[in-house]
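# Structural characterization, general
Listed here are the chains, written in short residue letters.
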Amino acid sequence: MKLKDILIDGFKVIGDTEKRISGITYDSRRVRCGDVFVAIKGENYDGHDFIEDAINRGAAAVIYEIKRFQPYSEGLRHSNTVWIGVDDSRDALAAISNRFYEKPSSKVTVIGITGTNGKTTTSYMIKSILERWGRDVGLIGTITYLIKDRAYDAQHTTPEASEFQALIREMVDNGCSHVVTEVSSHSLSQKRVDYTEFKIAIFTNLTRDHLDFHKTMEDYFMAKKRLFTELLIEEGVAVINLDDLYGKRLVNDLKNQKSKANGKRILTYAINNQDADVLAYDIKTTFRGTSFKLKVQNSKFKVVESEIYEINSPLVGVINVYNILSAICAALSMDIPIKTIKEGIAMTGLVKGRFEKVDMGQDFLAVVDYAHTEDALERLLLTARQLLQAYRFAEKTEEMMKVKRQEYSVCPESEENEKRGRIITVFGCGGNRDRGKRSKMGEIAARLSDFVIITSDNPRNESPRAIIRDIEKGMVRDNYIVIPDRNVAISMAVELASSGDIVLVAGKGHEDYQEIEGKKYDFSDRVALENAIRRTINRPSFSGGTNYKGTQNIDCTGRC
Ligand SMILES: CC(=O)N[C@H]1[C@@H](OP(=O)(O)OP(=O)(O)OC[C@H]2O[C@@H](n3ccc(=O)[nH]c3=O)[C@H](O)[C@@H]2O)O[C@H](CO)[C@@H](O)[C@@H]1O[C@H](C)C(=O)N[C@@H](C)C(=O)N[C@H](CCC(=O)O)C(=O)O
Ligand SMILES: Nc1ncnc2c1ncn2[C@@H]1O[C@H](COP(=O)(O)OP(=O)(O)OP(=O)(O)O)[C@@H](O)[C@H]1O
Ligand SMILES: N[C@H](CCC[C@H](N)C(=O)O)C(=O)O
Ligand SMILES: [Mg+2]
């Protein structure tokens, strides 16, 4: 491709634009001969300081910000380099990447999911529904980037513009008709997905996170809002959670914007708001999965409005009802038959690191979950508590029935039963991330767990002890210990667990590393749990058998 094919109006060009280019990069260390190097001013470095390095590595052209750099005043007169001055390098990176990969998003249906929690889970559900519908789907998100059966390691939830557009191009070339992508707030602030044509945009929820980066909730919300106001195409569909306060605000903002002549359709979902287009009720959630009834109140959908649809999913907890509802809205807006939607949801496999049960035949429940925000942790713990209560209730009911059958009139209270089913939580908080959430997560863990082990998450460049001290400020009860080594903390939780307890290991989910001072060390919560449980069940005193095996018929409704 020639340089002139990717340039847009407003660029100040010095040099030969007939020149052929081979790629685009924003990192001097990755420049290859013939690439366009885009200099970006970041938090740690200024890409403009690496322009000479980029040229020495063979950059064919350099894009720089006019306000930050003067090519001629810095003695960089390389006859072959084409100099392109722009106002905003990140905008330029997104624009030229879109052109270099020949506007790939215009060739597929791109579904973007934003919100604090639930993006990854929802993306897998939509992928499953689309595949059940017979479509080939590309997926971009936290765990991995998938092009049909090919998987790439994900460095970012939403990659930088050049990688993002390259991925969509590869998806198009491999026959994908749909792309499901998580859209992080960082990516929206940093214009990583600008110039992408989103046909469907989903807003899951907005609760505290990333205030190290966005500074205020208002900034955080405004970043998310860009997906709907600036990137969703005019005839696109906005799918929004009406039970969420910011979701409600987004709906109002879009309706006001709509009056300024644009045709975006808004579809809302909820559990607690009767005005929503799609509603869930009669929710039953157990350790084995979730079911609910679906009400569709929008005559534009090709479903019989009066019909009651029963939805079943192997995923646990009311949070997943929200994730399912958003996936249903997206699917209905594509006219996917309800039968296919139901099948796609039922077939969505458990998402790695999201309420992932580790079952080695032990007599307590061990769960790995990616809750790393206060809202996610609170909902996780409430779900666990609620399910434990339901379990205890079922156990007691069973006992009563036995007693009744034996013609005794009273069911004796079993003290043993009362004591059973404690929640032991292991968690920490990431370093170089929002400090304010740490004490709040501590408060939630202390309040809703029976026992907490505070440990390290990814300390990054912070002192693990300092992070733990921040968490401790919120510990409203003296029901915790501190073990900075995550592996030891997980082993201790398993040691402490008795029959019928739940060990929750939160915060790292699918991650297969622990990041300490810039280095990633192999680490997996799942593997750590498996090893610890293996050691425990090899103990002579172990009685064996999972108490939660017979829990599939327990009902439990309400907010988790
Ligand atoms: C806060 C944030 O998002 N930072 C991203 C940002 O960093 P930055 O602006 O500070 O960049 P910088 O390190 O100062 O470097 C500036 C420029 O100089 C370049 N450089 C630097 C050194 C050199 O030798 N040569 C060179 O060219 C860099 O490539 C860069 O273009 O731009 C960098 C390059 O594009 C990203 O790698 C970096 O992601 C960091 C590593 C990160 O951890 N980001 C996380 C927070 C993130 O983006 N997370 C979201 C998900 C969040 C969620 O929803 O939970 C995500 O989408 O993954
Ligand atoms: N709809 C939801 N509402 C609140 N919490 C949720 C919801 N869905 C999932 N969670 C919680 O958040 C955790 C992360 O879920 P998921 O990975 O789907 O979210 P995400 O938005 O992709 O997160 P990230 O921004 O870190 O990529 C889960 O392990 C669970 O504890
Ligand atoms: N996408 C999130 C993931 C956080 C996961 C948690 N394990 C941590 O390291 O804080 C972030 O980068 O902030
Ligand atoms: Mg994610």
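Residues numbered from 1 in each chain as written. Chains lettered and ligands numbered in written order. Predicted model: local features only at pLDDT ≥ 70, side-chain atom pairs only at ≥ 80, totals over all residues.

### Describing the overall build of the protein
Definition in use: For the purposes of this entry, the term helix denotes a DSSP run of H or I that reaches at least four residues, the term strand denotes a run of E that reaches at least two, and both are numbered from the N terminus. Burial is judged by counting other C-beta atoms within 10 Å of a residue's own C-beta: 20 or more means buried, 12 or fewer means exposed, and anything between counts as partly exposed, with every C-beta placed from the backbone. Contacts here follow a simple rule: the backbone-placed C-beta atoms of the two residues must lie within 7 Å.
Regarding its fold elements, the protein presents 16 helices and 24 strands. Burial status across the protein gives 49% buried among its 560 residues. Pairs at least 24 residues apart make up 72% of the contacts formed inside the protein by residues separated by at least 6 positions.

### Regarding the environment of I308
Position of I308 among the secondary structure elements: in the loop between β15 (289-296) and β16 (309-313). For I308, a count of 11 C-beta atoms within 10 Å gives the class exposed.

### Structural notes on the site of ligand 3
Rules: Each residue gets a C-beta atom placed from its backbone. If that atom is within 6 Å of a molecule or strand, the residue is near it. Any residue that is not Ala, Val, Leu, Ile, Met, Phe, Trp, Tyr, Cys, Pro, Asp, Glu, Lys or Arg is counted as polar, Gly included; the first ten are nonpolar and the last four charged.
Around ligand 3 lies a shell formed by T157, H372, G430, R433, D457, N458, G507, K508 and E511. By residue class, the composition of the shell around ligand 3 is no nonpolar, 5 polar and 4 charged.

### Brief notes about the pairing of strand β4 (residues 61-65)
Taken residue by residue, a regular strand's side chains alternate between the two faces of the sheet. To be explicit about the condition: Strand pairing is defined by DSSP finding a minimum of two bridges between the two strands. The path from the first strand over the helix to the second decides the hand: if it runs clockwise while the strands point away from the viewer, the crossover is right-handed.
Taking burial as the measure, the 5 residues of β4 include 5 buried ones, the bulk of the element. As paired elements, strand β3 (residues 35-38) and β4 share 3 bridges and run parallel to each other. Directly across from V38, in β4, lies its bridge partner I63. One crossover worth recording links β3 to the parallel β4 by way of helix α1 (residues 51-56), and it is right-handed. Where β4 lies against strand β5 (residues 82-86), 5 bridges are found, and the strand directions are parallel. Along β5, the bridge assignment pairs V62 with W83.

### Regarding the sheet that holds β4
Rules: Think of each axis as a best-fit line through the C-alpha atoms, taken over the contacting stretch in the case of a helix, with angles from 0 to 180 degrees between the N-to-C directions.
With mixed pairing, 5 strands are arranged side by side in an open sheet as β1-β5-β4-β3-β2. Two strands bound the open sheet, and with one partner strand each, they are β1 (12-14) and β2 (23-25). Geometrically, the sheet is characterised by an average inter-axis angle of 20 degrees between neighbouring strands, direction not taken into account. Both β2 and β3 contribute to a ladder of 3 bridges, which runs parallel.

### What to know about the site of ligand 1
Inclusion rule: In this entry, domain limits derive from an automatic or database-based domain assignment.
Not every one of the 20 residues close to ligand 1 is listed here, only the nearest: D27, G42, E43, H156 and S184. Broken down by element, the shell around ligand 1 gets its largest block of residues, 3 residues, from helix α5 (residues 185-189). Built from parts of two domains, the shell around ligand 1 gets at least three residues from each of domain 1 (3-99) and domain 2 (101-270 + 318-347).

### Considering the confidence of the model for the protein
The predicted coordinates of low-pLDDT regions are not to be read in fine detail. Test applied: As a per-residue measure, pLDDT reflects the predictor's confidence and takes values from 0 up to 100.
Of all residues in the protein, 88% attain a pLDDT of 70 or more, and the chain-wide mean is 90. Low pLDDT, under 50, characterises residues 404-419; the stretch is placed with 7 contacts to residues that sit more than four places away or in other chains. Note that pLDDT drops below 50 for residues 549-560; the model gives that stretch 28 contacts with residues more than four away or on any other chain. Across the interface, the model reports ipTM at 0.97; the global pTM reads 0.92.

### Examining the sheet that holds strand β9 (residues 150-153)
Strands pair in a sheet through their backbones, by hydrogen bonds, and they do so in one of two ways: parallel or antiparallel. Spatial ordering of the open sheet is given by β9-β8-β7-β10-β6-β11-β12-β13-β14-β15-β16, a layout of 11 strands whose pairing is mixed. Only two strands of the sheet have a single neighbouring strand rather than two, namely β9 and β16. Within the sheet, the average angular offset between the axes of one strand and its neighbour, ignoring direction, is 20 degrees. In the packing of helix α3 (residues 119-132) onto the sheet, the strands contacted are β6 (109-114), β7 (137-140), β10 (178-182) and β11 (198-203), and the crossing angle to β10 comes to about 170 degrees. Helix α7 (residues 217-231) rests against β6, β11 and β12 (232-241) of the sheet, and its axis sits at about 150 degrees to β11.

### A look at the packing of helix α13 (residues 436-448) against helix α14 (residues 464-472)
Each pair of packed helices gets described by two things: the angle between the helix axes and the distance between those axes. Heads up, the condition is: Under this scheme an angle from 65 to 115 degrees is roughly perpendicular, one under 35 degrees roughly parallel, and one over 145 degrees roughly antiparallel; angles in between are oblique.
Close contact between α13 and α14 brings their axes to 6 Å; oriented N to C, the two are set at 55 degrees. Relative to α14, the element α13 lies oblique. Between α13 and α14, the contacting residues are R438, S439, M441 and G442 on the first element and I467, D470, I471 and E472 on the second. Class assignment for the residues of the contact of α13 with α14 results in 3 nonpolar, 2 polar and 3 charged.

### Details of the UniProt feature "binding site: UDP-N-acetyl-alpha-D-muramoyl-L-alanyl-D-glutamate" (unreviewed entry) in the protein
Convention followed: UniProt positions are given in the numbering used here, feature names are shortened, and annotations may be inferred rather than shown by experiment.
UniProt marks S28, T157, T158, S184, Q190 and R192 with the feature "binding site: UDP-N-acetyl-alpha-D-muramoyl-L-alanyl-D-glutamate" (unreviewed entry), using the numbering shown here. Spanning 165 residues, the named residues are also spread out in space, since their farthest C-alpha pair is 24.6 Å apart. With respect to the helices and strands, T157 occurs in the loop between β9 and α4 (161-173). Among the residues examined, T157 registers 19 C-beta atoms within 10 Å and is labelled partly exposed. The residues contacting T157, other than those within four sequence positions of it, are G141, T142, E182 and S184. Looking at where R192 falls in the secondary structure, it is placed in the loop between α5 and β11. Given 25 C-beta atoms within 10 Å, R192 falls into the buried group. With residues up to four places along the chain from it excluded, the contact list for R192 reads A94, T158, P159, E160, A161, F164 and S187.

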